[in-house]
Amino acid sequence: MVTGGELDRDDLLELYRRMVLLRTYDERSVVYHRQGRIGTYAIYWNHEAIQAGATFALTDDDWIFPSYRESAIGLIRGMPAETLLQWWRGHPSGWWSPADWNVGSVCVPIATHLPHAAGLAWGKKLRGEDAVAMAFFGDGATSEGAFHEGVNFAAVMDAPVVFVCNNNGWAISTPVAAQTRAESLADKAVGYGIPGVRVDGLDVLAVYDAARAAVERARAGGGPTLIEAVHYRAAPHATADDPRAYIDPERVEQERAHECVGRFEALLRERGLLDDERVASTLRDAEDLMRAGIAAAEAEAPPDPELLFANAYVNPPGNMRNG
Ligand SMILES: Cc1ncc(C[n+]2csc(CCOP(=O)(O)OP(=O)(O)O)c2C)c(N)n1
Ligand SMILES: [Mg+2]
């Protein structure tokens with residue numbers, strides 16, 4: 001299905017640029033990890049259509065609440081690559097102030113950022129501001145108490161939140177069929193009295209359309225929406241995972257063959273909006289940004305180990321004091 005009807009040429013090319021930027025960041029990060037230049041990294045290869053498509057429906061005043069799977073989402077707001085890389089290097093300069101970018105801290109504890117999104121959105125509403133919060137989480141997150149608390153609270157308060165569930169079929173090694181008896185994760189919306197929408201998570205324009213409708217509804221006072229973006233995890237859960245122990249490699253190969261960036265690129269070529277030259281220059285720009293980002297991250301002075309204890313103890317125990 002080709003949608004995104006109201007997007008003009010510049011919008012479509014910007015959306016493509018963001019997808020390529022996200023893809024390049026992800027692929028380079030896996031290399032940097034193997035080179036020992038960043039720590040364990042959560043790969044999001046083939047999740048770019050969800051991340052770029054959903055956030056394309058936001059304005060810069062709207063807030064984004066990422067999980068570790070959307071760790072680089074700040075790129076689409078112009079956040080420096082070195083900041084994001086430093087996060088994975090465990091360097092304190094990787095912790096940005098959420099208010100600087102309207103991007104919440106990367107949440108590793110599953111679903112814990114959903115109540116944050118609900119609270120922020122409710123607060124905005126109480127203040128008469130029309131900002132929307134968009135929270136990203138996985139299929140596994142829908143089994144967590146914080147999912148229930150966040151979605152229920154947002155629904156009851158008509159808080160302007162868009163809940164974007166990336167259903168990639170797996171919570172590490174737990175398949176979605178072992179996660180829930182619900183036929184679809186979007187069905188869970190019924191229990192909260194809010195709309196639930198299911199989209200193809202590899203179709204960036206379908207994701208955008210669903211997000212745009214949800215954002216409009218939220219901004220108009222209609223409350224939250226749950227979007228389930230369905231796809232299939234086409235890479236390991238993270239660099240520390242070996243999925244050969246539990247996944248069918250042939251299925252993964254099939255998924256990789258119709259990955260989302262190439263799919264959008266083909267559509268734009270068909271529409272005469274993209275040619276080889278622009279494809280190459282878009283990729284080159286993204287690679288340059290990453291090269292500069294890792295160089296800047298590595299040029300930074302190592303953090304002071306004392307920082308580990310700052311704000312943790314009024315009186316550090318004896319075994320944590322120097323000498
Ligand atoms: C509260 C909590 N429990 C367990 C974990 C360990 N853990 C890390 S990732 C993950 C799977 C999450 O799967 P899903 O929500 O589908 O997101 P995906 O990684 O597939 O994007 C788990 C259980 C965690 N980070 N936080
Ligand atoms: Mg998952």
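Draft legend 1. Focus on the coordination of the magnesium ion (ligand 2). For the magnesium ion (ligand 2), the full set of protein donor atoms is Asp139 (OD), Asn168 (OD1) and Trp170 (O), and the range of their distances to it is 2.1 to 2.2 Å. In primary-sequence terms, the residues that donate to the magnesium ion (ligand 2) follow D-x28-N-x1-W. In this pair, Asp139 sits in the loop between β2 (133–138) and α6 (145–156) while Trp170 sits in strand β4 (residues 170–171), placing the two residues 31 residues apart along the sequence.

Draft legend 2. How the structure looks around helix α9 (residues 260–270). Within α9 the residues assigned to the buried category are Cys260, Val261, Phe264, Glu265, Leu267 and Leu268. Buried residues of α9, seen end-on, are gathered within an arc of 160° and therefore sit on one face of the element. In this structure Glu259 caps α9, since a side-chain oxygen of it lies 2.9 Å from the backbone nitrogen of Val261. Remark: Gly272 follows α9 within two positions and exhibits a positive phi of approximately 75°.

Draft legend 3. Focus on the pairing of β2. With respect to burial, β2 is a largely interior element, six of its six residues being buried. The side-chain alternation of β2 yields two buried faces, one formed by Ala133, Ala135 and Phe137 and the other by Met134, Phe136 and Gly138. Where strand β1 (residues 63–65) lies against β2, three bridges are found, and the strand directions are parallel. Looking at the pairing, Trp63 lines up with Ala133 of β2.

The rules behind the values
- Residues numbered from 1 in each chain as written.
- Chains lettered and ligands numbered in written order.
- Predicted model: local features only at pLDDT ≥ 70, side-chain atom pairs only at ≥ 80, totals over all residues.
- Heavy atoms only, no water.
- Donors = N, O, S within 2.8 Å, 3.2 Å for Na, K, Ca; no water.
- Helix = DSSP H or I, 4+ residues; strand = E, 2+ residues; numbered from the N terminus.
- Buried < 20%, exposed > 50% of the residue type's maximum accessible area, 1.4 Å probe, protein only.
- Arc of directions from axis to C-beta.
- Polar contact = N/O pair within 3.5 Å; in protein donor to acceptor, adjacent residues only side chain to side chain.
- Pairing = 2+ DSSP bridges.

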